[in-house]
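# Notes for the structure review
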Amino acid sequence: SFARGSGRVGIVDFLPDEGTIRFSRGAQPGVLALPEGIRIETEAGDAGQAYALLFFPDGSASDLEIVFAASSGRATRLRIAGVTGRIELKPLEPPA
C-alpha cells in the first residue's frame, strides 16, 4: 500500500454530498465519482456526513463502517478494522 511503502499516512475521504471518494498518494490526489444511483450512508441512514479513512505505515487504519446503497435497494457494507487495516465488503439484505 501507499502508506507502508512511503512511510506516510494515506487518506481516503468519502464525500456523500458530492458523490465522490477522494484519496491522496503523496502529491498525487485522485477523485472517484460514484456511479449514478449509488450513494454513501451509514447503517443508521445518515447520508450527508463526510467520512475520512486513514491508512498508517504500520499497516493499521482508522476504524470505518459505511454503506454503499443503490437506488435499486441493494447495498454493500464496507468495514475497515483499524488495528489490522483489514477491509471487509459484505452485501446487505434489502429492508423488508
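Summarised in this report is the structure supplied together with it. (Residues numbered from 1 in each chain as written. Predicted model: local features only at pLDDT ≥ 70, side-chain atom pairs only at ≥ 80, totals over all residues. Heavy atoms only, no water.)

Another point: the nonpolar core. Phe14, Ile21, Ile40, Leu53, Leu64, Ile66 and Phe68 are the most contacted members of the largest nonpolar core, which has 13 residues in total. Elements supplying a minimum of two residues to this core: strand E1 (10–15), strand E5 (51–55), strand E6 (64–70) and strand E7 (75–81). No other element matches E6, which puts three residues into this core. Residue contacts for Ile66: discarding those within four places in its chain leaves Phe14, Ile40, Glu41, Tyr51, Thr76, Arg77 and Leu78. (Core = buried A, V, L, I, M, F, W, Y, C linked by side-chain atoms within 4.5 Å. Buried < 20%, exposed > 50% of the residue type's maximum accessible area, 1.4 Å probe, protein only. Helix = DSSP H or I, 4+ residues; strand = E, 2+ residues; numbered from the N terminus. Contact = heavy atoms within 4.5 Å.)

Tallying each qualifying case throughout the model produces one aromatic pair. A ring pair is formed by Phe14 and Phe68, whose centres lie 6.3 Å apart and whose planes are at 65°; its orientation type is edge-to-face. In this pair, Phe14 sits in strand E1 while Phe68 sits in strand E6, placing the two residues 54 residues apart along the sequence. (Phe/Tyr/Trp six-rings, centres within 6.5 Å; stacked < 30°, edge-to-face > 60°.)

Counted by the stated rule, this structure contains five salt bridges. A salt bridge links Arg39 to Glu41; the nearest nitrogen and oxygen atoms lie 3.1 Å apart. Glu41 gets classed as buried once you look at its relative accessible area, which sits at 16%. With a closest N to O distance of 3.9 Å, Glu65 and Arg77 form a salt bridge. Of this pair, Glu65 sits in strand E6 while Arg77 sits in strand E7, and the two are twelve residues apart along the sequence. On the accessibility criterion, Glu65 (33% relative accessible area) is partly exposed. (Salt bridge = Lys/Arg side-chain N within 4 Å of Asp/Glu carboxyl O.)

Across the sheet, four strands lie side by side as E4-E6-E7-E8; this open sheet has antiparallel pairing. The open sheet has two edge strands, strand E4 (38–41) and strand E8 (86–92), and neither has a second partner. Sheet twist, expressed as the average angle between the axes of neighbouring strands with direction ignored, equals 20°. (Pairing = 2+ DSSP bridges. Axes fitted to C-alpha atoms, helices over the stretch in contact; angles between N-to-C directions.)

A word on the sheet that holds E5. As summarised here, the arrangement of the four strands in space is E3-E2-E1-E5, forming an open sheet in which the pairing is antiparallel. Looking at strand neighbours, the two that pair on one side only are strand E3 (28–33) and E5, the edges of this open sheet. The mean angle between the axes of side-by-side strands here comes to 15°, regardless of whether they run parallel or antiparallel. Bridge analysis of E1 against E5 gives five bridges, and the strand direction is antiparallel. Paired with Val12 across the strands is Leu53, a residue of E5.

The quantities given are spatial measurements derived from coordinates; they are silent on function.
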